[in-house]
Amino acid sequence: MADYPTLETERLTLRRFRLTDVDDVIAFANDEEWQRYLPLPYPYERVHGEQFVAESFLKDWKSKPAFAVVLDDMVIGEINLSIDKRRQTAGMGYGIARQHWGNGYATEAARAVVAWAFEALCIAKVYAYANVDNSQSWRVMERIGMIREGLLRSEAPDSRDSNRRQDVAYYGILREEWERQT
C-alpha cells in the first residue's frame, strides 16, 4: 500500500489534501445548508479552512485517511475513514459541495473508498451513519450496498440547536457483501 494513495474514478480524483486546497474547502464549507448536519462553525472562515487542511496532515494516515474529492482540479468535498485495525472496521464520513449535489459524486467517491478499504486495508466491515433527516446521505449509503443496521436514538447533539438531540441511522457493509455486488 502506498503511504498516500490517489484513487481515480470515472469523474473524480481522490487524493490527500494539499495546502493549496484551503480556498476550495472554505468555498464549500461556508454554506449553511451544506453544514446543516455537521458540527462546524458558521461562518466558516479562512482560519477554519487552514485548520482543517493542517489537521489532515497531522492525523495518522494509517488510522484516519482523509481524501480530497477533486473534480476538474477543484476540491468539491472530502471523504474519510476512521480505521479500527483490531476490529478490522472502518467508519466512513463524506461531504460534497452543495452545488454538486445530485450528480452522484458522493456515491462515486464512497464506492472508490470502500473498495480501497476492503482491497488494500483488509477491512472486514465499513460503516457510516447520518442524521435520519439527512436522506441524501443515507441514500448514498444504500446506493453502495450498505444495509441499515439500526437507529441510534438521540445519538448526537443537533448541529443547529444545542438543546435538541438527533436520531442517527447506522449503516454497514461487510466485505463478502461488497464482493458479491462487484
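Q: Explain the pattern of salt bridges to me, please; I cannot follow it from the model alone.
A: Should the charged atoms of two oppositely charged side chains come close, the side chains can pair. Throughout the structure, instances matching the rule amount to nine salt bridges. Note that Asp23 and Arg46 form a salt bridge whose closest N and O atoms lie 2.1 Å from each other. Placement of the pair is Asp23 in helix 1 (residues 22-29) and Arg46 in helix 2 (residues 46-58), with a sequence separation of 23 residues. Exposure remark for Asp23: the relative accessible area of 48% places this residue in the partly exposed category. Here the salt bridges do not stand alone but share partners, grouping Asp23, Arg46 and Glu50 into one network.

Q: Help me understand the packing of aromatic side chains in this model?
A: Aromatic ring pairs: the centre-centre distance and the angle between the two ring planes describe each pair. Summed over the entire model, instances satisfying the criterion amount to seven aromatic pairs. Between the aromatic rings of Phe17 and Phe52, the centroid separation amounts to 5.2 Å while the plane-to-plane angle is 90°, which identifies the pairing as edge-to-face. You can see Phe17 sitting in the loop between strand 2 (13-16) and helix 1 and its partner Phe52 sitting in helix 2, a full 35 residues away along the chain. Residue Phe17 is classed as buried on the basis of its relative accessible area, which comes to 1%. You can call Phe52 partly exposed: its relative accessible area is 24%. Seen from their ring centres, Phe67 and Trp116 are 5.3 Å apart, and the 90° between their planes marks the pair as edge-to-face. Of this pair, Phe67 sits in strand 3 (residues 66-71) while Trp116 is found in helix 3 (residues 105-120), placing the two residues 49 residues apart along the sequence. The buried category is assigned to Phe67, whose relative accessible area is 0%. On the basis of relative accessibility, which here comes to 8%, the residue Trp116 falls in the buried class. A network of ring pairs unites the aromatic residues Tyr4, Trp61, Phe67 and Trp116 as a single cluster.

Reading the values: the criteria
- Residues numbered from 1 in each chain as written.
- Predicted model: local features only at pLDDT ≥ 70, side-chain atom pairs only at ≥ 80, totals over all residues.
- Heavy atoms only, no water.
- Salt bridge = Lys/Arg side-chain N within 4 Å of Asp/Glu carboxyl O.
- Helix = DSSP H or I, 4+ residues; strand = E, 2+ residues; numbered from the N terminus.
- Buried < 20%, exposed > 50% of the residue type's maximum accessible area, 1.4 Å probe, protein only.
- Phe/Tyr/Trp six-rings, centres within 6.5 Å; stacked < 30°, edge-to-face > 60°.

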